[in-house]
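Coordinates in review
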Amino acid sequence: MGKNNKNTTFEIALSGISCAVAALALSLGIMTGLGALTATGYLIAVIALMVPLSKQFFRGDFLAYLGTVILAVVLGAAVKFWDLVPFAIFFGLHPLANALQIRFKINRWLAFAIKAVWFDCTLIVGYYLVFGGMLGGTLLPENFYEVLNHYIFLFIFTVGTVGFFVYDFLVFKCQILINKIVFKIKK
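Residues numbered from 1 in each chain as written. Predicted model: local features only at pLDDT ≥ 70, side-chain atom pairs only at ≥ 80, totals over all residues. Heavy atoms only, no water.

1. Quick look at helix 3 (residues 58-74)
Because the α-helix completes a turn every 3.6 residues, residues three or four places apart line up on one side. Helix length check: helix 3 (17 residues) gives 24 Å between terminal C-alpha atoms against 24 Å at 1.5 Å per residue, within 8%. For helix 3, the set of buried residues is F58, G60, D61, A64, Y65, G67, T68, V69 and A72. Two residues or fewer past helix 3, G76 is found with a positive phi of approximately 125°. (Helix = DSSP H or I, 4+ residues; strand = E, 2+ residues; numbered from the N terminus. Expected span 1.5 Å × (residues − 1). Buried < 20%, exposed > 50% of the residue type's maximum accessible area, 1.4 Å probe, protein only.)

2. Quick notes on the pattern of salt bridges
Under the defined criterion, the tally for this structure stands at two salt bridges. Between R59 and E11 there is a salt bridge, with the nearest N and O atoms lying 3.1 Å from each other. Separated by 48 residues along the polypeptide, R59 in helix 3 and E11 in helix 1 (residues 3-32) bring together distant segments of the chain. R59 sits in the exposed class, given a relative accessible area of 53%. By relative accessible area, which is 10% here, E11 ends up buried. The closest approach of N and O atoms between D168 and K115, which form a salt bridge, is 3.1 Å. Highlighted residues: D168 in helix 8 (residues 152-183) and K115 in helix 6 (residues 108-129), separated in sequence by 53 residues. Of the two residues, D168 and K115, neither departs from the other in class, the shared state being buried. (Salt bridge = Lys/Arg side-chain N within 4 Å of Asp/Glu carboxyl O.)

Structural data, given as structure tokens:
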């Protein structure tokens, strides 16, 4: 078996394992219906999708992402499909975007600006699809929610962008850690 066949086989195996872990974590997180467990499912899925990227398997990572979304739907997330939407349009692809940013040496501030707008747009989509365009609750006074809903775009583009800055930084650091762990695996 040639080197290229070994590399392709290794890419398929690594991507398949990544997809399985991500799909299971995402499905379980979404099906619980608890916000904290949904966020944990997202986090584990994002970390799992970083594994193929540690070996520069961009195609394998993208296919693992697609498989993760499809399997999550099949495993039950279809019932709460709107909880899967932010992962499908942003969180699942974000590690790949970061890896491509490094691979093609894209200016980090330009890349950050593009990814921040992408993230903020995801929050806007979530606001309308997940929350029906209206935030509310009993935790805070009603007039707080009125002001928040009135200025939602300003809120998303300021607080969301600052939050994304921290998230993006942590995802880069997490990718470095995953790279060190996976580096030890031989093809």
